[in-house]
Every structure is written in structure tokens, then in C-alpha cells.
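Listed below are the residues making up each chain.
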Amino acid sequence: MENIKLIIDSSSNMKSDPDHNVEVVPLTISFCGKDYIDDQNLNIREFLNDMNQNQVAGKTTCPSIQAWLNALEGTEKAIIITMTSGMSGTFSSALQAKTMYEEKHPTSQIIVVDSRSAGPELTIVLHGIEKMIQGDIRFVDLEEVIAKFRMRTHLLFILQSLHNLSLNGRVSPVAAKVAGLLKINLIGTASKEGKLEPLTKARGMKKAMRELLKYMKDDNYHGGEVIIDHCENEKDAEIIKDKILAEYPDAQVTIRPMRGLCSFYAEEGGIMVGFHE
């Protein structure tokens with residue numbers, strides 16, 4: 001298939017890769033009167049230090065329509081993959097950019113994919129699309145094929161800290177403090193509706209990782225690609241990788257550090273696992 005640009009937002013924890021025609025459009029995280037642009041220049045260690053000292057609710061801002069238009073500039077065909085529309089206006093702004101770009105460039109064709117997820121699952125979807133466009137699927141058929149592929153991709157996560165969730169009113173400050181003292185971890189998933197939802201709680205990281213691996217099996221995992229993103233917790237990411245490879249030695253399992261947006265929500269110690277069945 002002819003050259004197709006792939007554009008994805010920074011919730012994917014990816015970096016732009018011009019050699020593979022992939023561009024990452026950053027979101028912005030704001031707290032304590034300071035804006036942090038989630039691009040390759042963001043120092044994650046400094047960002048986490050600032051975040052740990054913060055005691056007020058923060059916010060995230062989706063890319064502007066202009067940011068998407070800048071990424072589209074000069075392309076005839078492009079596929080945009082965004083974080084879930086259930087938690088962000090990112091999909092909506094990308095959709096508006098698509099409409100404006102196609103009006104200005106009538107021969108262009110743009111697909112916008114709502115991942116209904118965040119983090120590594122977006123990259124799993126992007127890798128699936130890369131394989132599709134290397135084959136003989138027509139561009140007009142790609143949207144339907146991508147939708148079917150997405151039905152077999154999943155996200156699970158472990159949160160060791162509920163500090164930011166408490167600041168933003170998602171859990172009570174008392175519950176967050178108790179969870180920290182008792183080392184209670186939250187295991188959750190991205191629902192098919194695109195909401196990040198809790199599944200269960202586990203005391204201690206060992207039990208939390210066992211629960212996560214159990215939920216992978218419940219999601220019909222049978223050796224597909226896995227991406228494990230971590231927030232300053234490579235040790236536990238390696239343990240999860242080893243457990244997966246012990247059962248599925250031929251599985252492709254990648255470990256990556258989280259970027260800003262996912263670090264803001266997952267916090268230090270957090271793990272996100274995206275996978276294809």
C-alpha cells in the first residue's frame with residue numbers, strides 16, 4: 001500500500017519515529033500553575049518530583065485542532081490513533097482536524113481511530129495497523145479491519161499510589177492514605193466503552209501482579225504481543241515479562257518507561273500492560 005502517515009497522541013508513551021512515518025502529538029499536564037508539555041523534552045524524574053510535592057488538583061489538556069493539522073500537513077493519507085474518548089477530548093479534536101484538512105485537501109483521506117484505551121494498548125493498535133498497511137488491504141477497508149483488530153486488544157493496569165486520584169476527587173483522601181499505609185494496590189482495565197475501571201484490590205505488589213496475569217488469561221491472552229509500560233518500576237515490569245515468557249516463550253514482550261500523561265495518572269510504581277490476544 002502507498003505511503004500512509006501514522007499519528008498518535010502522547011498517552012501512547014511513544015516517541016516520534018520519522019523513519020517509520022510515525023508522529024506523536026503531545027497532550028499537556030498542568031498543576032501548581034505550571035504546564036508540562038508531554039513531549040520528548042519532558043524530564044520525567046523532575047516531573048514526578050514536582051507531582052509528588054503537589055497538593056492541589058491538576059488537569060490534562062488534549063492537543064489542539066491546530067496541533068493535529070500541523071501533524072497532517074503534507075500528507076495524502078493518514079491514520080490518527082487517540083486515547084479514549086471516554087476520558088479526553090483528544091478524539092474529538094482529531095476528528096475536527098480531519099474534517100478541516102479534508103475540506104482544504106479534497107483528495108486526502110484521513111482515518112481517526114478512538115482506541116477506547118490509553119498507554120501501551122494504543123501502541124499495540126498502531127503495530128497492528130503497520131502490519132495491515134504492509135499488506136494488500138485497501139485504504140477504504142482499513143477502518144473496518146482496525147475496528148475488528150481492536151476487539152482483540154486489551155489494557156490492564158496496577159496503581160500503587162492513589163495520591164493524584166484523591167486530589168482529583170476520584171477517591172477520598174482518607175482511602176488513598178490508608179491504601180498507601182497498607183500497601184493496597186488497585187488493579188484495573190479499560191472497558192470496551194473506553195472507561196478506566198477498577199477490577200479488584202490486592203495487598204502487596206506480588207499479589208497484584210498475580211491478579212493482573214490472571215486477568216490477562218480472563219481476557220483470552222494466548223501469546224500475542226505485549227507491551228509493559230512502567231512509571232519508575234522496571235523491576236516489577238521485568239517480573240511480569242518473565243512470567244509471561246515462562247508460559248509463552250515465543251511472545252513478543254516489550255518494556256518501556258511511561259511518558260508524562262500516563263505517569264500523571266498511574267504515578268510512581270504504576271504498571272500498564274497492553275496486549276493482543
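Attention in this report is confined to the structure presented alongside it. In this text the structure is predicted, and so the values were computed from the model without any measurement.

Rules of the game
- Residues numbered from 1 in each chain as written.
- Predicted model: local features only at pLDDT ≥ 70, side-chain atom pairs only at ≥ 80, totals over all residues.
- Heavy atoms only, no water.
- Patch = residues over 30% accessible without salt bridge, like charges linked within 9 Å, V, L, I, M, F, W, Y side chains within 5 Å.
- Areas by Shrake-Rupley, 256 points an atom, 1.4 Å probe, with all protein chains shown as cover.
- Salt bridge = Lys/Arg side-chain N within 4 Å of Asp/Glu carboxyl O.
- Lys, Arg positive; Asp, Glu negative; His and termini not counted.
- Charge placed at Lys NZ, Arg CZ, Asp CG, Glu CD.
- Helix = DSSP H or I, 4+ residues; strand = E, 2+ residues; numbered from the N terminus.
- Buried < 20%, exposed > 50% of the residue type's maximum accessible area, 1.4 Å probe, protein only.
- Contact = heavy atoms within 4.5 Å.
- Polar contact = N/O pair within 3.5 Å; in protein donor to acceptor, adjacent residues only side chain to side chain.
- Axes fitted to C-alpha atoms, helices over the stretch in contact; angles between N-to-C directions.
- Parallel < 35°, antiparallel > 145°, perpendicular 65-115°, else oblique.
- Left-handed = near helix turned anticlockwise from the far one by under 90°.
- Nonpolar A, V, L, I, M, F, W, Y, C, P; charged D, E, K, R; others polar.
- Pairing = 2+ DSSP bridges.

## A few points about a positive patch on the surface
Line of reasoning, step 1. A cluster of basic side chains, namely Lys206, Lys207, Arg210 and Lys243, defines a positive patch on the protein surface.
Line of reasoning, step 2. With 3 residues, the top contributor of residues to the positive patch is helix α8 (residues 205-218).

## So, the environment of Ser30
Line of reasoning, step 1. Mapping Ser30 onto the fold places it in strand β3 (residues 28-31).
Line of reasoning, step 2. With relative accessibility at 9%, the residue Ser30 sits in the buried group.
Line of reasoning, step 3. The spatial distance from the C-alpha of Ser30 to the C-alpha of Thr60 is 6.1 Å, given a sequence separation of 30 residues.
Line of reasoning, step 4. If we ignore the near neighbours within four places in the chain, the residues touching Ser30 are Asp35, Gly58 and Lys59.
Line of reasoning, step 5. One polar contact links Ser30 to Asp35, side chain to side chain, over a distance of 2.6 Å.

## Comments concerning the packing of helix α4 (residues 120-134) against helix α5 (residues 139-150)
Line of reasoning, step 1. In the contact formed by α4 and α5, the axes pass within 10 Å of each other and the chain directions differ by 140°. For the element pair α4 / α5, the angle class is oblique. Handedness of the α4/α5 crossing: right-handed. Residues Ile124, Val125, Gly128, Ile129, Met132 and Ile133 of α4 pack against Leu142, Val145, Ile146, Phe149 and Arg150 of α5.
Line of reasoning, step 2. For the contact of α4 with α5, the class distribution of residues is 9 nonpolar, 1 polar and 1 charged.

## Concerning the sheet that holds strand β13 (residues 271-276)
Strands pair in a sheet through their backbones, by hydrogen bonds, and they do so in one of two ways: parallel or antiparallel.
Line of reasoning, step 1. Read across the sheet, 6 strands follow the order β10-β9-β8-β13-β11-β12 without closing on themselves; strand pairing throughout is mixed. The sheet terminates laterally at β10 (196-203) and β12 (253-257), the two strands that pair on one side only. Across this sheet, the average inter-strand angle for adjacent strands is 20°, counted without regard to direction.
Line of reasoning, step 2. In terms of strand pairing, strand β11 (residues 226-230) meets β13 through 5 bridges, oriented antiparallel. Residue pairing for β13: Ile228 is matched across the bridge by Val273.

Geometric values such as these leave the question of function open.
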